[in-house]
Amino acid sequence: QIKELDGVKKAQSFHATVQDRLDHIEKRLGDSVDKHAEELAAAHAKIDQLRGKVSEEKIAREKHHTGVSESLKQELSKREKDHHASVDERLIYLEGLVGDSADKHTKDLDSHKAEHSKLVQEVKARDSQHSSLGERISYLETLLHDSAENHAKELAAAAAKMDQVHSRVVEERSVREQHHMQVARMLSQDK
């Protein structure tokens, strides 16, 4: 009887540790989700920052373009007045101005494209981590479900044993009462 009661107590204490484990797993999952959400928000902030830089670069390029256009107009005006340089020399000079400006902007644009590509890859990597997190959660849910089923089976087995013990105790009490009654009869007959 004592062993069976100890078994029931152990099953109940196991139930408490399952709850503690479940609370711990839920806390860890919540912490992990929060961390990934922060990282994703940081990645989006970087993308927004890069977009801002690209916009600033576009504005700067347009200002520069306006400045170059003004310089070209002034230079053309000067050249027309002077008529000293030939058309070929003027074209070579202008192509040099435009070519230098275009090269600079091409390098800047390539640099921004590379940074953007890197940020996009980081976002994709974080997204893939989120999908693997879902798979892990599904696995843990399955594991917890299986554990709960096993626990329910063990509790049912313990309840069945308790019913058997109770039946034996009732039977033993009945036999003992009959025996006491027989002994009492025998003692009363002997008097």
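Everything quoted here is computed from the prediction, not taken from an experiment.

Thresholds, definitions, all that
- Residue positions are given per chain, counted from 1 along the sequence in the order it is written.
- Totals for whole chains, interfaces and linings use every residue, but because this is a predicted model, local features are given only for residues with pLDDT of at least 70 and side-chain atom pairs only at 80 or more, for both listing and counting.
- Excluded from the side-chain calculation are hydrogens and water; included are all heavy atoms of the structure.
- Helix numbering and strand numbering both begin at the N terminus, where a helix is a DSSP run of H or I of at least 4 residues and a strand a DSSP run of E of at least 2.
- A 1.4 Å probe rolled over the protein chains alone gives each residue an accessible area, and that area as a share of the maximum for its type sets the label: buried under 20%, exposed over 50%, partly exposed in between.
- For accessible areas, the Shrake-Rupley method is used with a probe of radius 1.4 Å. Any residue's cover is judged against the shown protein chains and nothing else.
- Residues belong to a common nonpolar core when they are buried Ala, Val, Leu, Ile, Met, Phe, Trp, Tyr or Cys residues joined through side-chain atoms within 4.5 Å.
- Residue contacts are counted whenever heavy atoms from the two residues lie within 4.5 Å of one another.
- Patch rule: a residue counts if its relative accessible area is over 30% and it has no salt bridge; like charges are joined within 9 Å, and nonpolar side chains (Val, Leu, Ile, Met, Phe, Trp, Tyr) within 5 Å.
- Any Lys or Arg side-chain nitrogen located within 4 Å of an Asp or Glu carboxyl oxygen qualifies as a salt bridge.

**A word on the overall build of the protein**
(1) Moving on: A count of helices and strands for the protein gives two helices and zero strands.
(2) Moving on: Buried positions account for 12% of the 191 residues belonging to the protein.
(3) Moving on: Only carbon and sulfur atoms are counted for the fraction: they give 56% of the accessible area of the protein, which is about 15,300 Å².

**Things to note about the nonpolar core**
In globular proteins that are soluble, nonpolar side chains generally tend to be buried together.
(1) Moving on: With five residues, the main nonpolar core is built from Ala-43, Ile-47, Leu-50, Leu-119 and Val-123.
(2) Moving on: Listed by contribution, the elements that provide at least two residues to this core are helix H1 (2-82) and helix H2 (87-190).
(3) Moving on: For this core, the leading source of residues is H1, giving three residues.
(4) Moving on: With residues up to four places along the chain from it excluded, the contact list for Leu-50 reads His-112, Glu-115, His-116 and Leu-119.

**Notes on a nonpolar patch on the surface**
(1) Moving on: Taken together, Tyr-93, Leu-97 and Val-98 make up a surface patch of nonpolar side chains, about 230 Å² in accessible area.
(2) Moving on: Positionally, Leu-97 belongs in helix H2.

Treat this as a map of the structure, not an account of what it does.
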